[in-house]
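# Structural characterization, general
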Amino acid sequence: MFGCASFEGVDPALHALLSQCLDLWRQTDGAFDIAVRALILLWRQCREAGRIPSAAELTTALESTGSQHVRLDAANSTIALDRPGVGLDLGAIGKGYAVDRAADVLMQSGMTDFVLHGGFSSVLASGDHGGQGGWPIGLKNPLFTEERYATLLLRNQALATSGSNIQYFRHQGRRYGHLLDPRTGWPADTLPSVSVIAPTAAQADALSTAFYVMGLEKAAAWCHNRPEIGALLVPAPTHGRELAPVLCNIPAEVLYLAPGARQPATK
């Protein structure tokens, strides 16, 4: 979808998803934003050209960025974009949303014990596996991606992980990841990895991106009064290769660390 434009007769499910996206945009102070197509296209072009955007290019892209330009009318099933160049991108929530819809189909057919994943970053676990009290889901080490550093036991929950350890490019010796801060236009680089547990895969998907952009302290503060949202925040190691993860609203009994891993701090 690109603005200025108005779309009528929008499917109610899509309208509800976009409404959820705008709620999350407001709740995260813009750290999660679907109206980022202009920024994504700019950085994609620059990556292909082996350069970074100029200040003028970023300013132009930011003028067409932000969910403040999205207008929803549920009563009339319409969506409007109020500025030229505004485009929507559901990449930060679409995979989780698809996993949720697939889970709905399985539940409607009578299945209660199953695990679904969308690639390696979005997982939904329902019921039990082998009497373990849930489904064990492994988390990769964000620095050494062939290694596992933790396992989480999920039951009737979803998990999503965000990081830039795989999708990135280098320019003049500096590393630029693919996850953008929609407020500044620049790639976020505050945390190597963020994993979020939430009631739905769409929530987990969106919040893992938002927390990655927000950084450790703001993400931990966001979780403080929301016990249904858990987070495993992994700051960059300060000495050597040892990770020092921070837990928010994740009980210690559902987290199993790899041998030799440092016990996480809690917030």
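This text follows the structure it describes.
Below is a summary of the structure that appears in this document.

### Let's talk about the side chain of Ser64
Mapped onto the elements of the fold, Ser64 is located in the loop between helix H3 (55–63) and strand E2 (70–73). Within the structure, Ser64 has its side chain in polar contact with the backbone oxygen of Pro84 (distance 3.1 Å). Sequence-distant contacts of Ser64, defined by excluding residues within four places in its chain, comprise Ala35, Ala38, Arg83, Pro84, Gly85, Val86 and Gly87.

### Focus on the packing of helix H2 (residues 37–49) against H3
Where H2 contacts H3, the two axes come as close as 8 Å, and the packing angle between them is 150°. With respect to their mutual orientation, H2 and H3 come out roughly antiparallel. Residue-level contacts link Ala38, Leu39, Leu42, Trp43 and Cys46 of H2 to Glu57, Leu58, Ala61 and Leu62 of H3.

### As for the environment of Ala219
For Ala219, the location among the structural elements is in helix H6 (residues 216–223). On the basis of relative accessibility, which here comes to 0%, the residue Ala219 falls in the buried class. It is 9.0 Å that separates the C-alpha atoms of Ala219 and Thr28, two residues lying 191 residues apart in sequence. Once you skip the residues sitting within four places of it in the chain, Ala219 turns out to touch Phe211, Met214 and Leu233.

### Brief notes about the sheet that holds strand E7 (residues 148–154)
Strands sit in the order E6-E7-E14 across an open sheet of three strands; the sheet is antiparallel. Every interior strand has two partners, whereas the edge strands, strand E6 (135–140) and strand E14 (255–257), have only one. Taken over all neighbouring pairs, the strand axes of this sheet differ in orientation by 25° on average, direction set aside. Of the strand pairs in this sheet, E7 and E14 are connected by three bridges, and their pairing is antiparallel. Opposite Ala150, over in E14, you have Leu257 as the bridge partner.

### With respect to unusual backbone geometry
In this model, Asp29 sits at a positive phi of 55°, which is unusual for a non-glycine residue. Mapped onto the secondary structure, Asp29 falls in the loop between helix H1 (12–27) and H2. The exposure class assigned to Asp29 is exposed, which follows from its relative accessible area of 62%. Although it is not a glycine, Asn249 adopts a positive phi angle of roughly 60°. Structurally, Asn249 can be placed in the loop between strand E13 (246–248) and E14.

Scoring rules and cut-offs
Note on numbering: residues in each chain are counted from 1, in written sequence order. Only residues with pLDDT of 70 or above have their local features reported here, since the model is predicted, and side-chain atom pairs are shown and tallied only from 80 upward, although totals for entire chains, interfaces and linings are computed over all residues. Values reported for side chains reflect all heavy atoms of the structure, with hydrogen atoms and water molecules removed beforehand. By the criteria applied, helices consist of DSSP H or I runs no shorter than four residues and strands consist of E runs no shorter than two, each listed in order from the N terminus. Two N or O atoms count as a polar contact when they lie within 3.5 Å, although within protein this holds only if one can serve as hydrogen donor and the other as acceptor, and sequence-adjacent residues are included solely when both atoms are side-chain atoms. We call two residues in contact when some of their heavy atoms are within 4.5 Å. Throughout, an axis means a line fitted to C-alpha atoms (over the contacting stretch in the case of helices), and angles, computed between N-to-C directions, take values from 0 to 180 degrees. Each angle gets one of four labels, with under 35 degrees taken as roughly parallel, over 145 as roughly antiparallel, 65 to 115 as roughly perpendicular, and the rest as oblique. A simple rule labels every residue: compare its accessible area, found with a 1.4 Å probe on the protein chains alone, to the largest value its type can have, and call it buried under 20%, exposed over 50%, or partly exposed in between. At least two bridges found by DSSP between two strands is the condition for calling them paired.

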